[in-house]
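# Inside the fold
Each chain, letter by letter, is given below.
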Amino acid sequence: MTLLDAPAYDARKARLIRNTILTAVIAIVVLGVSGFLLRHWPAEHRLNTFFAAVESQDLKKAFAIWNNDPNWEQHPQQYKDYNFATFSKDWGPASDYGVIRSHTILMTTTVGNGTVMGVDINGGKTPIFLRVDDKNKTVGFSPVELYTGP
């Protein structure tokens, strides 16, 4: 076969190749955008679960979520630095926030190996900043505060 003996143009095959490439490009774009928009979802879900437990006054469950240890009561000595009594003072009805009835995650960003979130508690004026560690899934107070604007 020489250059002048090229095969006949097959419109059906060309359309199939074009549609396959177009579908692949669209799928990659949709997956990329979805991944970008949902990149903080696991940390936000964990924090929402934590606040659901706090709002229902189930502080033992909330402490388990905070430490990512559902069996924390079998070994409370592991949590002597921030024990359940201190946790209850920070998050119970006698806390600075009073009885926590609602929360809203205002902002989320990745800082280091964790996700920092600004959370509005009971419609307060200034958010509290909490951090979910990406590796061990523990919740904690964030040393980083995010800019909330003027």
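What you see is a predicted model, and the numbers here were worked out from it, not measured in a lab.

Reading guide: rules and limits
- Residues numbered from 1 in each chain as written.
- Predicted model: local features only at pLDDT ≥ 70, side-chain atom pairs only at ≥ 80, totals over all residues.
- Heavy atoms only, no water.
- Core = buried A, V, L, I, M, F, W, Y, C linked by side-chain atoms within 4.5 Å.
- Buried < 20%, exposed > 50% of the residue type's maximum accessible area, 1.4 Å probe, protein only.
- Helix = DSSP H or I, 4+ residues; strand = E, 2+ residues; numbered from the N terminus.
- Contact = heavy atoms within 4.5 Å.
- Patch = residues over 30% accessible without salt bridge, like charges linked within 9 Å, V, L, I, M, F, W, Y side chains within 5 Å.
- Areas by Shrake-Rupley, 256 points an atom, 1.4 Å probe, with all protein chains shown as cover.
- Salt bridge = Lys/Arg side-chain N within 4 Å of Asp/Glu carboxyl O.
- Axes fitted to C-alpha atoms, helices over the stretch in contact; angles between N-to-C directions.
- Parallel < 35°, antiparallel > 145°, perpendicular 65-115°, else oblique.
- Nonpolar A, V, L, I, M, F, W, Y, C, P; charged D, E, K, R; others polar.
- Left-handed = near helix turned anticlockwise from the far one by under 90°.
- Pairing = 2+ DSSP bridges.

## Digging into the nonpolar core
- Core analysis: the largest hydrophobic core is formed by 25 residues, its most contacted members being L47, F50, F51, W66, F87 and W91.
- Elements that contribute at least two residues to this core include exactly α2 (41–55), α3 (59–67), α4 (84–91), β2 (114–121) and β3 (128–133).
- Setting aside its immediate chain neighbours within four residues, F87 contacts F50, L59, A62, F63, W66, Y82 and G92.

## Remarks on a nonpolar patch on the surface
- Judged by side-chain polarity, I17, I21, V25, V29, V33, F36, L37, L38 and W41 come together as a nonpolar surface patch covering roughly 930 Å² of accessible area.
- The element that contributes the greatest number of residues to the nonpolar patch is helix α1 (residues 11–37), accounting for seven residues.
- Relative to the elements of secondary structure, I17 occurs in helix α1.
- On the accessibility criterion, I17 (45% relative accessible area) is partly exposed.

## What about the packing of α3 against α4?
- The N-to-C vectors of α3 and α4 enclose an angle of 105 degrees; their axes lie 11 Å apart at closest approach. Viewed along their axes, α3 and α4 adopt a mutual orientation that is roughly perpendicular. Listed contacts from α4 to L59, K60, A62, F63 and W66 of α3 are F84, F87, S88 and W91.
- Tallied by class, residues from the contact of α3 with α4 come to seven nonpolar, one polar and one charged.

## Description of the packing of α2 against α3
- Following both chains from N to C, one finds α2 and α3 inclined at 160 degrees, their axes separated by 8 Å at the closest point. Considering the angle they form, α2 stands roughly antiparallel to α3. In the packing of α2 onto α3, the handedness of the crossing is left-handed. Contacts from R46, T49, F50, A53 and V54 in α2 reach K61, A62, I65 and W66 in α3.

## Topic: the pairing of β3
- In terms of burial, β3 is a largely internal element, six of the six residues being buried.
- Burial of β3 is two-sided: the residues I128, L130 and V132 facing one way and the residues F129, R131 and D133 facing the other way are all buried.
- Relative to β3, β2 runs antiparallel, the two sharing six bridges. Looking at the pairing, V116 lines up with R131 of β3.
- Taken together, β2 and the strand that follows it, β3, pair antiparallel across an intervening segment of six residues, in which N122 is found at a positive phi of about 55 degrees.
- As paired strands, β3 and strand β4 (residues 139–141) are joined by three bridges and run antiparallel to one another.

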